[in-house]
2 protein chains.
Amino acid sequence: MTATKRLGKQTIKLQYPPSIVSTASIVGKKEGEGPLSKYFDQILEDALWGEKTWEKAESKILRETIIKAVTKASLSLGDIQYVFAGDLLNQCIGSSFGIRELEIPFFGLYGACSTMAESLSLAAMTIDGGFADYVVAATSSHFCSAERQYRFPLEYGGQRPLTSQWTVTGSGAVVLSSKENGPYITHITTGKIVDLGIKDVNNMGAAMAPAAVDTIYTHFEDTGFIPDDYDLIITGDLAQIGKNITEELLQEKGCNISRQYNDCGLKIFDNKKQDTHAGGSGCGCSAVVLAGYLYNELTKGNLNKILFIATGALLSPISSQQGESIPGIAHAVTIQNTLE
Amino acid sequence: MTATKRLGKQTIKLQYPPSIVSTASIVGKKEGEGPLSKYFDQILEDALWGEKTWEKAESKILRETIIKAVTKASLSLGDIQYVFAGDLLNQCIGSSFGIRELEIPFFGLYGACSTMAESLSLAAMTIDGGFADYVVAATSSHFCSAERQYRFPLEYGGQRPLTSQWTVTGSGAVVLSSKENGPYITHITTGKIVDLGIKDVNNMGAAMAPAAVDTIYTHFEDTGFIPDDYDLIITGDLAQIGKNITEELLQEKGCNISRQYNDCGLKIFDNKKQDTHAGGSGCGCSAVVLAGYLYNELTKGNLNKILFIATGALLSPISSQQGESIPGIAHAVTIQNTLE
């Protein structure tokens, strides 16, 4: 069939918008001490959660989060027709070993910290396209496994520059269904890779901001929406520096989002009290803010229409060692309580 | 909408089957000396292809392969609405840096060596669902970047056991369209993770075989097809050991595929002459065999209906060091010249 669901260059408008029927979030101790504490389903006392390694703990967090989300939807794992998931670890072992026992057809993703919006996009398209009735979108990150892999072993006690962000320990999972009555996923703007040449691996927010700007601006161009159509426009994990850049660059393009703009990396921690510098990051950051706080506000009616934009930095330690800059990507998803 | 396109447990039957309108493949020197030589678009003399590192060379191979496939379809990059791609490198930098300059909305995947079937599945669903008219599915691997990352630096000169496989240097890209007249993608069986506890990282074929068996068996259960409905059933990169196990395990379940069964990892090299031990592997293996040999045979009418099953081993060096076994996954795609 011809692509009847396209709007503009990079956006699709879903014809049969799927509903979010449940979400779940499990976070680490530090995230549980932050301002969004009451919205999470479970707060872990111990970053290892009884496992022998941080990587195994991350897989357990993802697995238990998915099981919790499915249970909260009064479904069983056998009802779920696909899982879309990914994480930050080399070869995405957080997801592979997390999903291994679930026996659900699995599409593995890699979008760095954009993964929650990527998984949500593909899960929603899978339902809208008539391929499934129940799909899970999920992701995870873990401070300890990420620090070891991307930067230094924790035991080294490295000094963190003030531009650096704190990788969230946690997982968020969303169950989408063809059958319920919202909140609905209605529009999806899929990002292109944008790389303006930033090489500072301790300043991810700045590296990802141009991708966020590109996707947000294109979203408004494609849909004809204006910022005031949204109660909230929230990026994934740009944190303080990236958020400021995003706002400023959009302003320069004549797009003022400051009234309704926020960032998951700023919501999750109290940066001053919690010593998290620029703010939170990691695939899990936007995932737990969406599955915890944002979903709660949507179902209570405190928010009625939001634009959720998860942002990813597509580097690796090897690409940086080889002198490469940091490519960014951002995917946007519109979530709303009612259908126009 | 309800999921009207489902068949059985794990399969979908596309309602508007997209066509493969062009493919391209670029391979390394060794692959160019193998039995499929004449089917590849370009054979590189040098594994670095003018780049400073193997990782950068892999990105270049992927990028040039995508550009070639798009050009062969008489399209421009701006016509392509999505790229689905992934690779084996940490944080999938083969794809990120390969796709960076193309300015096409990008869904990053990680399915290890199952990526070609994963990208083909999602690209086909995207067209069938009415979300796009032109989509590219692609993947790559590189012997030198993979050896360094997964095993030993090449300079070390490690001894390879006879069960080991040879990672293909190459990339395959497929352009799918809503508009042409075949070969069509008609059925997709998405795999679950299967892990029977194999831990030998030098015997990937054996680790992935149970996942291939699960997906192939489920495909026949779901669709009601029998092996004789296919001219060829071809797995991704199980190579000699994994192929034998797959055939045997399916036989035990009452499913005899020996008449039409082969494996891309066996087709690509002459194992005896080329010293490639059990056979080829890597994301690029099934990708270049599909984009080169299989697509040629389909368009010439030498093959009319094939089941293409790419297989992935979802391990990382860290998961193996932590004592984990090797989870496998396999995704199957039916490609046929005519619609029933």
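For clarity, every value in this text was computed on a predicted model and none was experimentally measured. (Residues numbered from 1 in each chain as written. Chains lettered and ligands numbered in written order. Predicted model: local features only at pLDDT ≥ 70, side-chain atom pairs only at ≥ 80, totals over all residues.)

1. Quick notes on the packing of helix α6 (residues 204-223) of chain B against helix α7 (residues 239-252) of chain B
Residues and elements named next belong to chain B. Contact pair α6 / α7: the axes reach a minimum separation of 8 Å and the direction vectors enclose 40 degrees. In this view, α6 runs oblique relative to α7, as classed from their interaxial angle. In terms of crossing hand, the pair formed by α6 and α7 is right-handed. Contacts between α6 and α7 involve Gly205, Ala206, Met208, Ala209, Pro210, Ala212, Val213, Ile216 and Tyr217 on the former and, on the latter, Ala239, Ile241, Gly242, Ile245, Thr246, Leu249 and Leu250. When its residues are assigned to classes, the contact of α6 with α7 shows 13 nonpolar, 3 polar and no charged. (Axes fitted to C-alpha atoms, helices over the stretch in contact; angles between N-to-C directions. Helix = DSSP H or I, 4+ residues; strand = E, 2+ residues; numbered from the N terminus. Parallel < 35°, antiparallel > 145°, perpendicular 65-115°, else oblique. Left-handed = near helix turned anticlockwise from the far one by under 90°. Contact = placed C-beta atoms within 7 Å. Nonpolar A, V, L, I, M, F, W, Y, C, P; charged D, E, K, R; others polar.)

2. A short note on the nonpolar core
By size, the foremost hydrophobic cluster in this structure holds 230 residues, and its most contacted members are Val83, Val136 and Phe308 of chain A together with Val83, Val136 and Phe308 of chain B. Not counting residues within four places of it along the chain, the set of residues in contact with Phe308 of chain A comprises Ala117, Ile234, Leu290, Leu294, Ala332, Val333 and Ile335 of chain A. (Core = buried A, V, L, I, M, F, W, Y, C linked by C-beta atoms within 7 Å. Buried ≥ 20, exposed ≤ 12 C-beta atoms within 10 Å, placed from the backbone.)

3. A word on the relation of the copies chain A and chain B
For the pair of chain copies, the relating operation is a rotation around an axis with a shift along it. Once chain A is rotated about the relating axis by 180 degrees and shifted along it by 0.0 Å, it coincides with chain B to within an RMSD of 0.0 Å. On this basis, the relationship between the two copies can be described by a two-fold rotation axis. Counting the interface residues of chain A, we find that 100% of their copies in chain B are interface residues as well, pointing to one common contact surface. (Least-squares fit on C-alpha atoms with pLDDT ≥ 70 in both.)

4. Details of the domain arrangement of chain A
All names here are of chain A. According to the domain assignment, chain A contains domain 1 (17-177) and domain 2 (184-336). Centre-to-centre, using C-alpha coordinates, domain 1 lies 18 Å away from domain 2. Across the contact, 50 residues belong to domain 1 and 52 residues belong to domain 2. Breaking the side of domain 1 that touches domain 2 down by element, the ones donating at least two residues are β3 (19-27), α1 (29-32), α4 (115-128), β7 (134-141), α5 (143-150), β8 (166-167) and β9 (170-177). With 8 residues, the top contributor of residues to the side of domain 1 that touches domain 2 is α4. For the side of domain 1 that touches domain 2, the residue count by class is 25 nonpolar, 19 polar and 6 charged. (Domains from an automatic or database assignment.)

5. Some remarks on the environment of Ile66 of chain B
All names here are of chain B. Within the fold, Ile66 resides in helix α2 (residues 54-72). Owing to 30 C-beta atoms within 10 Å, Ile66 belongs among the buried residues under this scheme. Look past the residues within four positions of Ile66 in its chain and what remains in contact with it is Val83, Leu102, Val136, Ala138 and Ala173.

6. Side note on the interface of chain A and chain B
Much of the literature gives interface size as the accessible area that the parts lose upon coming together. At the interface, 57 residues of chain A touch 57 residues of chain B. The dominant element in the side of chain A that touches chain B, judged by the number of residues it contributes, is α4 of chain A, at 5 residues. Here the side of chain A that touches chain B is composed, by residue class, of 26 nonpolar, 19 polar and 12 charged.

7. As for the pairing of strand β10 (residues 184-189) of chain A
Residues and elements named next belong to chain A. Within β10, 6 of the 6 residues are buried, leaving the element largely enclosed by the surrounding structure. Where strand β2 (residues 11-13) lies against β10, 3 bridges are found, and the strand directions are antiparallel. Bridge pairing in β10 places Ile12 opposite Ile188. Note: β10 against strand β15 (residues 328-336), 5 bridges, orientation antiparallel. From the neighbouring strand, Thr189 faces β15, where its bridge partner is Ala332. (Pairing = 2+ DSSP bridges.)

8. Quick notes on α2 of chain B
Residue and element names in this part refer to chain B. In this model α2 runs 27 Å from its N-terminal to its C-terminal C-alpha over 19 residues, within 8% of the 27 Å that 1.5 Å per residue would give. Buried residues dominate α2, accounting for 15 of its 19 residues. At the C-terminal side of α2, Ser74 shows a positive phi close to 55 degrees. (Expected span 1.5 Å × (residues − 1).)

9. Here we look at the pairing of β3 of chain A
Residues and elements named next belong to chain A. Across the 9 residues of β3, 8 count as buried, placing the element largely inside the fold. Direction of pairing for β3 relative to β9: antiparallel, over a ladder of 8 bridges. Within the sheet, the bridge partner assigned to Ile26 lies in β9 and is Ser171. For β3 and strand β4 (residues 42-43), the ladder comprises 2 bridges, and the chain directions are parallel. Along β4, the bridge assignment pairs Ile26 with Gln42.

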